[in-house]
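A structural walkthrough
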Amino acid sequence: MVRTGNTAPAEDAVTVPDDGSGPLRDVVYDLDDVAVYYGSYRAIRGVTMQMHAQEITALIGPSGCGKTTLLRCLNRMNDLVAGTRVDGTIRYHGQDVQAPTVKPIELRRKVGMVFQKPNPFPKSIFENVAFTPRANGVPKKDLAEVVEGALRQAALWDEVKDKLKQSAFELSGGQQQRLCIARAIAVKPDVILMDEPCSALDPIATLRIEELMVNLKEQFTIIIVTHNLQQAARVSDTTAFFTTEGKEGGVLVEVAPTRKMFDSPADQRTLDYVTGRFG
Ligand code: ADP
Ligand code: MG
């Protein structure tokens, strides 16, 4: 079925489709035949899909199929890589993100990013979260509240409330990643992009981040790249599977509600991948 914000019924008449994908959600990203090039190399193509509010969308597929490339286009982080070009259309709440009027810095304020390896600033725990809100003009008297709120939302407050002045580097890897999530949340984004956020973490720390993601999706749209199929199956509502065809680069194979993707995918290549016969 096609799910678009335009056709979503009124709040009091939310219907639950019987495919198990949950109530209808607003479209946040609408991608139409997107392809991304590095110079003359087309790293990914054929990406027509939507990402919905209050959902976790997982991007899965073998290494090199263009997941990171696609993710970085969503908030124009690809601008920072010389020689990249995007074909097709990426609409964010209806606005073409490639349009010359779009200011990438403003877009990135709405669409935050969490990276593979936790990358806290070489500053105190407090400062890591306070830094950007302060730069954005949050008055000094309000900073402590903003920091506490973000740390609570990132499920880190209880572990760090007595050592806010300590260096972020004294935290464990999992705590550092939750700190980076707190830092992303502190500017009240709309979307959080996560590129394999648990790949450097142990299983316990990974589970904590997964729990956190599920809680955060009530408030934020989350788009996650993961090479961990179980993770995609556990946390995401919608899954997009990409594959790579050698010199032809990556391509979107299919996108579907996560349960369908794992139980009865439409494409043989997806089935081979999710059942471990490939990749
Ligand atoms: P994934 O995240 O799925 O592993 P990437 O998006 O990182 O894949 O990469 C997709 C393809 O684009 C790969 O073939 C990779 O080598 C190539 N690529 C990635 N970044 C660059 C770059 N900055 N310049 C040229 N090629 C790149
Ligand atoms: Mg990647």
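See the structure printed just above.
Residues numbered from 1 in each chain as written. Chains lettered and ligands numbered in written order. Predicted model: local features only at pLDDT ≥ 70, side-chain atom pairs only at ≥ 80, totals over all residues. Heavy atoms only, no water.

Some points on the sheet that holds strand 6 (residues 111–114)
- What the 10 strands build is an open sheet, ordered 5-4-1-2-10-9-3-8-7-6; its pairing is mixed. Every other strand in the sheet has two partners, leaving strand 5 (95–96) and strand 6 as the edge strands with one partner each.
- Sitting on the sheet, helix 1 (residues 67–74) touches strand 1 (27–38), strand 2 (41–52), strand 3 (56–60), strand 4 (84–92), strand 6, strand 7 (191–195), strand 8 (221–225) and strand 9 (238–244), and the angle it makes with strand 1 is about 125 degrees.
- The sheet strands contacting helix 7 (residues 203–216) are strand 3, strand 7 and strand 8, and the helix crosses strand 8 at an angle near 145 degrees. (Pairing = 2+ DSSP bridges. Helix = DSSP H or I, 4+ residues; strand = E, 2+ residues; numbered from the N terminus. Contact = heavy atoms within 4.5 Å. Axes fitted to C-alpha atoms, helices over the stretch in contact; angles between N-to-C directions.)

A closer look at the side chain of Arg72
- By the element assignment, Arg72 lies in helix 1.
- This buried residue, Arg72, is left without a salt bridge; Asp195 holds the nearest opposite charge, at 6.4 Å. (Buried < 20%, exposed > 50% of the residue type's maximum accessible area, 1.4 Å probe, protein only. Lys, Arg positive; Asp, Glu negative; His and termini not counted. Salt bridge = Lys/Arg side-chain N within 4 Å of Asp/Glu carboxyl O.)

Re helix 3 (residues 125–135)
- By the burial criterion, the buried members of helix 3 are Ile125, Glu127, Asn128, Val129, Ala130 and Pro133.
- Tucked inside the fold, the buried residues of helix 3 contact helix 4 (140–153), helix 5 (157–160) and helix 6 (173–185).
- Phi turns positive, to about 100 degrees, at Gly137, one or two residues after helix 3.

Quick notes on helix 6
- Spanning 13 residues, helix 6 covers 18 Å between terminal C-alpha atoms, matching the ideal 18 Å at 1.5 Å per step.
- With 12 of its 13 residues buried, helix 6 lies for the most part within the structure.
- The set of residues buried in helix 6 consists of Gly174, Gln175, Gln176, Gln177, Arg178, Leu179, Cys180, Ile181, Ala182, Arg183, Ala184 and Ile185.
- Tucked into the core, helix 6 has its buried residues touching strand 6, helix 3, helix 4, helix 5, strand 7 and helix 7. (Expected span 1.5 Å × (residues − 1).)

Considering the site of ligand 1
- Contacts to ligand 1 come from Tyr38, Tyr41, Ala43, Ser63, Gly64, Cys65, Gly66, Lys67, Thr68, Thr69 and Val81.
- Cys65 has a polar backbone atom sitting 3.3 Å from an oxygen atom of ligand 1.
- Between an oxygen atom of ligand 1 and a side-chain N or O atom of Thr68, the distance comes to 2.8 Å.
- For ligand 1, the protein covers 61% of the area, taking 560 Å² as the surface of the free molecule.
- Of all elements in the fold, only strand 2 and helix 1 reach the threshold of two or more residues within the shell around ligand 1.
- Among the elements that make up the shell around ligand 1, the one with the highest residue count is helix 1 (3 residues).
- Grouping the constituent residues of the shell around ligand 1 by class yields 5 nonpolar, 5 polar and 1 charged. (Near = heavy atom within 4 Å. Polar contact = N/O pair within 3.5 Å; in protein donor to acceptor, adjacent residues only side chain to side chain. Areas by Shrake-Rupley, 256 points an atom, 1.4 Å probe, with all protein chains shown as cover. Nonpolar A, V, L, I, M, F, W, Y, C, P; charged D, E, K, R; others polar.)

Topic: the packing of aromatic side chains
- On inspection of all chains with the given rule, the structure shows 3 aromatic pairs.
- Ring centres of Tyr29 and Tyr92 lie 5.1 Å apart, and the angle between their planes is 40 degrees; this geometry places the pair in the tilted category. Here Tyr92 lies in strand 4 and Tyr29 lies in strand 1, a separation of 63 residues in the sequence.
- Accessibility expressed as a relative area gives 0% for Tyr29, which makes it buried.
- Directly above the aromatic system of Tyr37 lies the positively charged group of Arg85, at a separation of 4.2 Å from the ring centroid.
- Just above the ring of Phe121 sits the side chain of Arg183; from NZ or CZ to the centre is 4.2 Å. (Phe/Tyr/Trp six-rings, centres within 6.5 Å; stacked < 30°, edge-to-face > 60°. Lys NZ or Arg CZ within 6 Å of the ring centre and 35° of its normal.)

As for the packing of helix 3 against helix 4
- Packing of helix 3 against helix 4 brings their axes to within 9 Å, and their N-to-C directions diverge by 120 degrees. Taken together, the axes of helix 3 and helix 4 lie oblique to each other. Read as a crossing pair, helix 3 and helix 4 show a hand that is right-handed. On helix 4, the residues that touch Phe126, Val129, Ala130, Pro133 and Arg134 of helix 3 are Leu143, Ala144, Val146, Val147, Ala150 and Leu151. (Parallel < 35°, antiparallel > 145°, perpendicular 65-115°, else oblique. Left-handed = near helix turned anticlockwise from the far one by under 90°.)

Such coordinate-based values are descriptive only and should not be taken to indicate function.
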